[in-house]
Number of protein chains: 2
Amino acid sequence: MPNYKLSYFDVRALAEPARLIFALFDVPFEDHRVSVEEWNDMKEKTPYGQLPVLEVDGVEIGQSMSITRYLARKFGIAGKSPEEEAIADSIVDQYRDFIFSFRQFTSATFYGKDAEHINKVRNEVVKPARDLFLGIINKILDKSQSGYLVGNSLTWADIVIADNLTSLLKNGFVDFAKEKKLGEFYNKIHSIPKIKEYVAKRKGTNI
Amino acid sequence: MPNYKLSYFDVRALAEPARLIFALFDVPFEDHRVSVEEWNDMKEKTPYGQLPVLEVDGVEIGQSMSITRYLARKFGIAGKSPEEEAIADSIVDQYRDFIFSFRQFTSATFYGKDAEHINKVRNEVVKPARDLFLGIINKILDKSQSGYLVGNSLTWADIVIADNLTSLLKNGFVDFAKEKKLGEFYNKIHSIPKIKEYVAKRKGTNI
């Protein structure tokens, strides 16, 4: 088993899908939580001046979704065929398109911007992007026979989307009383025993 | 050989890396160029209400970089190891981060916005994002022994970045007289015989 070291800030956000995959497959890894002070010294040494970074026996991989795909492929949840893999990738790309907007909210929260600014971002940036994104996810779930987003088994796309729903839920962007299909999907993924066990004891940050 | 149909607007932009991969491997595909009128009728039927879409024997794949990765994997230029694949993915993710800004310029051009608006986007949005993005690409090329972005052979990341440099060049965002390393890289990829042959006869749109 290689040595894995995942460096990220002390929040869920972009690193949590990778952490969930490690938990799901019971794979030990160093969960390096980087403070803002530490980050200032570390930034220049990372591949892209960004976190998260995954180190695998000394090889450094940047970009959260490239890291998550790498682990998904390694542990067998990238999709059962090349076409399923591409569809899982494309769902994650939809998520990436959405978080370009959502990150304006999470970073305003992270850096303690004032309530007026945060509300403006909430209503004018995030809500329209959320409607588009969750519309796509709902449409996929409507057609799904298995309750999973791709084919008839779990893929990393399920983990990425379900974890993002945690953030949307914690910040008042989704209401499962109204969005029943999304709620069922969220519960399905969070009922997987290893995920449930990890989520119960993790630091459940809002972002 | 499966039947491939790639649907996109009549520009290079998000579909060109896939077209370049088809050209590189001499794989026939239907290059479906969608007019704005046709798009209005077609939009609802696409997986995500977006183009490009690749159809492979009836299976529809959305999201440009998921399509391009799918073809790269199929034709053997996704990377020579799981780690190389992840690093190629992460470079493409950097490109995706950049084109979130760059697309504000290309769509303003595509939809014929006025010169003042286009210049504002050019200077305030694209240029800072470009500096960050090309800084990363330059740093990768500085360390490369082969002249390729990943390992010692061509990957799809080279094709994506080299094609994006075409767009930056055509729109005055890069000057190879000043950016010699980028120019060498651009020429290296565009000197590959099958790519050179395709580029010489394609419709070389500005975006």
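Residues numbered from 1 in each chain as written. Chains lettered and ligands numbered in written order. Predicted model: local features only at pLDDT ≥ 70, side-chain atom pairs only at ≥ 80, totals over all residues. Heavy atoms only, no water.

For chain A, the name recorded in an unreviewed UniProt entry is glutathione transferase, with Caenorhabditis briggsae as its organism. Word for word, the UniProt comment on chain A under Catalytic activity (unreviewed entry) is "RX + glutathione = an S-substituted glutathione + a halide anion + H(+)". (UniProt positions renumbered as here; feature names shortened; annotations may be inferred.)

Peer 1: Help me understand the relation of the copies chain B and chain A, please; the structure alone is not making it clear to me.
Peer 2: Comparison of the two chain copies shows a relationship of rotation about an axis with a shift along it. The transform that puts chain B on chain A rotates by 180° and translates by 0.0 Å along the axis, for an RMSD of 0.0 Å. Both copies are brought into coincidence by an operation consistent with a two-fold rotation axis. Within chain B, the C-alpha atom positioned nearest to the axis of rotation is that of Phe100(B), 4.1 Å from it. (Least-squares fit on C-alpha atoms with pLDDT ≥ 70 in both.)

Peer 1: Where do I start with the packing of helix α1 (residues 16–24) of chain B against helix α6 (residues 156–170) of chain B in this structure?
Peer 2: Think of two packed helices as two axes; the pair is described by the angle between the axes and how far apart they sit. Residues and elements named next belong to chain B. At their nearest, the axes of α1 and α6 sit 9 Å apart, and the two run at 125° to each other. Compared by their axis directions, α1 and α6 come out oblique. In terms of crossing hand, the pair formed by α1 and α6 is right-handed. Taking contact as the criterion, the partners of Glu16, Pro17, Leu20, Ile21 and Leu24 in α1 are, on α6, Trp156, Ile159, Val160 and Asp163. For the contact of α1 with α6, the residue count by class is seven nonpolar, no polar and two charged. (Axes fitted to C-alpha atoms, helices over the stretch in contact; angles between N-to-C directions. Helix = DSSP H or I, 4+ residues; strand = E, 2+ residues; numbered from the N terminus. Parallel < 35°, antiparallel > 145°, perpendicular 65-115°, else oblique. Left-handed = near helix turned anticlockwise from the far one by under 90°. Contact = heavy atoms within 4.5 Å. Nonpolar A, V, L, I, M, F, W, Y, C, P; charged D, E, K, R; others polar.)

Peer 1: Looking at this structure, how should I read the environment of Trp156(B)?
Peer 2: For Trp156(B), the location among the structural elements is in helix α6. Ignoring any residue separated from it by four or fewer positions in sequence, one finds Trp156(B) in contact with Ile21(B), Met65(B), Thr68(B), Arg69(B), Ala72(B), Ile77(B), Ala78(B), Ala88(B), Asp89(B) and Val92(B).

Peer 1: Before we go on, may I ask you to explain the domain arrangement of chain A in this structure?
Peer 2: Buried accessible area, meaning the area lost when the parts come together, often serves as the stated size of an interface. All names here are of chain A. Once the domains are mapped, chain A shows domain 1 (4–76) and domain 2 (82–192). For domain 1 versus domain 2, the separation of C-alpha centres amounts to 21 Å. Counting residues at the interface gives 16 residues for domain 1, matched by 17 residues for domain 2. With both chains or domains summed, domain 1 and domain 2 bury close to 1400 Å², and 67% of this area falls on carbon and sulfur atoms. The interface formed by domain 1 and domain 2 contains three salt bridges. Across the pair aspartate 89 and arginine 69 runs a salt bridge whose closest N-O atoms are separated by 2.9 Å. Every element with two or more residues in the side of domain 1 that touches domain 2 is listed here: α1 (16–24) and α3 (64–74). Of the residues belonging to the side of domain 1 that touches domain 2, the class tally is 10 nonpolar, two polar and four charged. (Domains from an automatic or database assignment. Buried area = accessible area lost by both parts, 1.4 Å probe. Salt bridge = Lys/Arg side-chain N within 4 Å of Asp/Glu carboxyl O.)

Peer 1: Looking at this structure, how should I read the pairing of strand β2 (residues 30–34) of chain B?
Peer 2: Successive side chains on a regular strand alternate, one facing one side of the sheet and the next facing the other. All names here are of chain B. Relative to β2, strand β1 (residues 4–9) is paired through five bridges, and the arrangement is parallel. Bridge pairing in β2 links leucine 6 to aspartate 31. On the question of chirality, the crossover connecting β1 to the parallel β2 by way of α1 is right-handed. (Pairing = 2+ DSSP bridges. Right-handed = clockwise from strand over helix to strand, strands pointing away.)

Peer 1: Would you explain the UniProt feature "domain: GST N-terminal" (unreviewed entry) in chain A in this entry?
Peer 2: Within this numbering scheme, the UniProt entry marks residues 2–79 of chain A as carrying the feature "domain: GST N-terminal" (unreviewed entry). Secondary structure across residues 2–79 of chain A comprises 35% helix and 24% strand; the distance between its end C-alpha atoms is 23 Å.

Peer 1: I tried to follow the packing of α6(B) against helix α7 (residues 180–190) of chain B on my own but got confused; where do I start?
Peer 2: Residue and element names in this part refer to chain B. Interhelical geometry of α6 versus α7 gives an angle of 115° and a closest axis separation of 10 Å. The handedness of the crossing between α6 and α7 is left-handed. When α6 is examined against α7, the residues Asp158, Ile161, Ala162, Leu165, Thr166 and Leu169 are found in contact with a partner set consisting of Leu182, Phe185, Tyr186, Ile189 and His190. Taken together, the residues of the contact of α6 with α7 sort by class into eight nonpolar, two polar and one charged.

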